[in-house]
Every structure is written in C-alpha cells, then in structure tokens.
Amino acid sequence: MNNFDLHNPTRILFGKGRIADLGTQIPSDAKVLLLYGGGSAERTGVLAQVRTALGDRSVVEFGGIEPNPRYATALKAVDLIAANGSTYLLAVGGGSVIDATKFIAAAAKYAGDPWDILTSHGGVVAAALPFGTVLTLPATGSEMNPASVITHAEKGAKLPFMSRHCYPVFSILDPELTFTLPPRQIANGVADAFVHVIEQYLTYPVSAAVQDGFAESLLRTLIDLGPKALETPLDYDIRANLMWTATLALNGLIGAGVPQDWASHMIGHEITALNDTDHARTLAVVLPALMQDQRGPKRAKLLQYAANVWNIREGDDEARIDGAITATRDFFHKLGIQTRLGEYDLGAADIDRIVGALQDHGLTALGETKAITPDTARRILQAAL
Ligand code: NZQ
Ligand code: ZN
C-alpha cells in the first residue's frame, strides 16, 4: 500500500428529518446565501423545509444553477455575495448545485480572475467561504469531498478543480429527499457512483486489502440495489443504502493509498462538454471500452473484479475478463443506460473533437500509469462506437 494522508473534515448528518438540524449547524448570526437548481427543490418541498429550519437568519436565495453547472451562472452568485455581504453558503440539490457552490465559495475569496481557479485545478485557492449542503441526489460524492466540476459553455470546456478549502462543513443526507428523483436520475446516480469506485479499484494490485474489500462491497451493493431502487422507488432502506454508498464511493476512503485511474471521467467530461450528455451516461460509454482496451495493464485487477464482484470463477483468464466486461455493460443496460456513442448521437466524426479537447486541456497522460495518451483515448472511443 502506498503512503497516504487522509483528512476529511465534513460532518455528515444522516437520516430521516435531518433538515431540522440545520439550525444547529449554521451560526445564528450568519448571512446565508441559499443556492439551488432549476426548480426541483421548490417543487418537492425541500426548500420549504430548509427555510423553516433556517429560522430568522438573514437569507438571500439564488436559484437556477444548471445540471453541469455553468461558469457564468456561478459568477452571478459571486456578485450577489459581494452585494449582500453573505458569510455562509448553503447548497440544496445534487452534485451540480454543490459543485457550483464550491466554486462560488472559492471565487468569492479570490482576488484574481476566477477562471484561474479552474486552469490551476484549484491550486490558486487559498480560502473559501464556509458552506453546508442538503443533498437531494446521491451520485457524485460532492457532499463529502473537495472536488467540483464547472462548465464554461462558450469555451466548450468542462473542467474539474479541487481544494482542501472546499470541503463542505456539513452535509445533510436524508434518503427520503431522494424519493422524488425521476428514474433517469436514480440510474445516473448509481452508475456514477459505480464508476467512482471502479476508478479507484481497477488499476493494479498494491496489497491494499481493506480498500479493495470496501470497494468490492460498494460495487456489489450498487449492483444489487440499483435496479431494485428503480423497481420499488419508495423503499427507504434501499435509498438509504444507495445514498451512503455513493458518499463512501468518493470521500477519500477507498482511494487512500491506492493507484487511481480517472481516464473514464476525463474522457466523459469532454463528451458532456460537446453535447451535454448526462455525466453518468458518458461514463457508461467509456468504461466498458476502456476495460477492453486496457485488459493487459489491468489484467490482475480485472480477474479479481470478475471473481469478487461478479462471482465469475470458471474458464481461462481471457474468458473471465470477457465475462466481467459483458456483466458491466449489462448492468448499465439493466439501469436503462445505453453504452454506445451512437446511442447519444455521436459518431466517428466526433471522436477527433473529443480527443482534441483532451489535448487542449492538457489531458494527454491519463490512467494509473499515465499511459492513456490521445491515441489511446481515440482507440477507446472507436471501440465505444
Ligand atoms: O435542477 P433541479 O431542478 O434541481 O433538478 C435536478 C437536475 O435536473 C434533478 N434533481 C436533483 N435532486 C432531485 C431532482 N429531481 C427530483 N427530485 C430530487 N430530489 O436532477 C437533475 C440532475 O442534477 P445534478 O445535480 O446535475 O446531478 P448529479 O448529482 O448527477 O451531478 C452531476 C454533476 O456533478 C459532476 C458532474 O460532472 C456533473 O456536472 N461531478 C462532480 C463530482 C465531484 N464534485 O466530486 C464527481 C463526479 O464524477 C462528477 O464529475
Ligand atoms: Zn462521476
């Protein structure tokens, strides 16, 4: 196992009715900016619960944060903070609202051009406003990690940044808030969490028995409960387990001390930047093709994945790896998620644009050994047609 530091300062408040605890988490003299998305939080009544729990604090609201949150929208919130002297941010929504809030929290404290935050991958961030989250969509793990992904529509760029200043102070995880999710978003959340685990697991062995065991358990839980959540959407226990799985999938725990491969995410982000395909769906396209292409370097872990996650133990090595890749693709299909570029209106002609964007963003040495070059990415995308 490699050396590691692990420090996660986010406090989790998990369970039914936990929004009522908001009042104990945010200072009573805070000037709150309440951030939310396109209207689901108003429709579902979550915002009403939040407003009640905030009591008589001074609160300004900022709605309209898009899925794949936009840079220009985030800057409007930064202006609002300056105008109102907000001291505390509260994100109510899924990964997009939380990611936007992280960027806004950092940009509000940054004297230079906020675009630097993204081009430096967060390196220039020296401070951020404190913020909490009320999670309504289990998927990204953003509720307990320091990462954010922002889209600049005019530049055709979707760029991640990370900063230790951008952990939420607290996150409220009430599984009942996820009952209103449409099937498409339930499926997206399960698939995204699945790929987060895979990208910290499916690399090469480093004798990290605990991280591997945790990762396999998270994967088996998603495989078991993901389709069940679609069949019986009001089952609290299923939603609660999925919510906690998605958080643990990307809060630093399983990734500590192990090699990581974020190539599917980086290639997937360029697909979303091109045509706004849902984040999770881009991953379902790239991952099976990447497994196929990288079956040599990932051989040992693919065999472990076949045995411990899919219980595939018969046949020679190649047959077991084929079985695991087919099982992965079938799992996405069972969630109602297609796994071919053509099913998202993308063809061979688009591959050069995706690969070109990776090059423009300096993403030319991806994967656990930095071996995924633009040529490799092109081969993977061709296999995903
Ligand atoms: O905008 P509203 O009206 O609120 O509707 C949202 C949105 O349309 C809706 N929704 C959320 N909660 C709901 C609900 N509808 C009904 N009931 C509820 N309880 O769902 C739609 C999608 O929301 P969004 O926040 O965009 O989804 P998700 O949580 O999947 O976030 C995706 C974003 O996170 C980034 C992705 O790239 C993408 O931009 N990621 C962030 C990561 C991180 N910070 O660590 C890692 C991920 O890999 C990912 O890249
Ligand atoms: Zn993701």
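Residues numbered from 1 in each chain as written. Chains lettered and ligands numbered in written order. Predicted model: local features only at pLDDT ≥ 70, side-chain atom pairs only at ≥ 80, totals over all residues. Heavy atoms only, no water.

A.B. asks: Could you give an account of the environment of leucine 303, with specific residues and numbers?
C.D. replies: Mapped onto the secondary structure, leucine 303 falls in helix H12 (residues 299-310). Leucine 303 sits in the buried class, given a relative accessible area of 15%. Spatially, the C-alpha atom of leucine 303 lies 22 Å from that of aspartate 192, the residues being 111 residues apart in sequence. Once residues lying within four places of it in the same chain are set aside, the contact partners of leucine 303 are Asp317, Arg320 and Ile321. (Helix = DSSP H or I, 4+ residues; strand = E, 2+ residues; numbered from the N terminus. Buried < 20%, exposed > 50% of the residue type's maximum accessible area, 1.4 Å probe, protein only. Contact = heavy atoms within 4.5 Å.)

A.B. asks: Give me the lowdown on the coordination of the zinc ion (ligand 2), citing residues and values where you can.
C.D. replies: Around the zinc ion (ligand 2), the protein contributes the donor atoms Asp192 (OD), His196 (NE2), His265 (NE2) and His279 (NE2), which lie 2.0 to 2.1 Å from the metal centre. We note that the donor set of the zinc ion (ligand 2) lies within a single chain, spaced as D-x3-H-x68-H-x13-H. Of this pair, histidine 196 sits in helix H7 (residues 183-201) while histidine 265 sits in helix H10 (residues 263-275), and the two are 69 residues apart along the sequence. Just as histidine 196 is buried, histidine 265 falls in that class too. (Donors = N, O, S within 2.8 Å, 3.2 Å for Na, K, Ca; no water.)

A.B. asks: Which residues make up the environment of lysine 158, and what are the values?
C.D. replies: When you line up the elements, lysine 158 lands in strand E7 (residues 157-162). Judged by relative accessible area, which is 5%, lysine 158 ranks as buried. Measuring from C-alpha to C-alpha, the distance between lysine 158 and leucine 118 comes to 9.3 Å, with 40 residues separating the pair along the chain. Other than its neighbours up to four places away in sequence, lysine 158 contacts Asn68, Val149, Ile150, Thr151, His269, Thr272, Ala273 and His279. A distance of 3.1 Å separates a polar atom in the side chain of lysine 158 from a polar atom in the side chain of asparagine 68. (Polar contact = N/O pair within 3.5 Å; in protein donor to acceptor, adjacent residues only side chain to side chain.)

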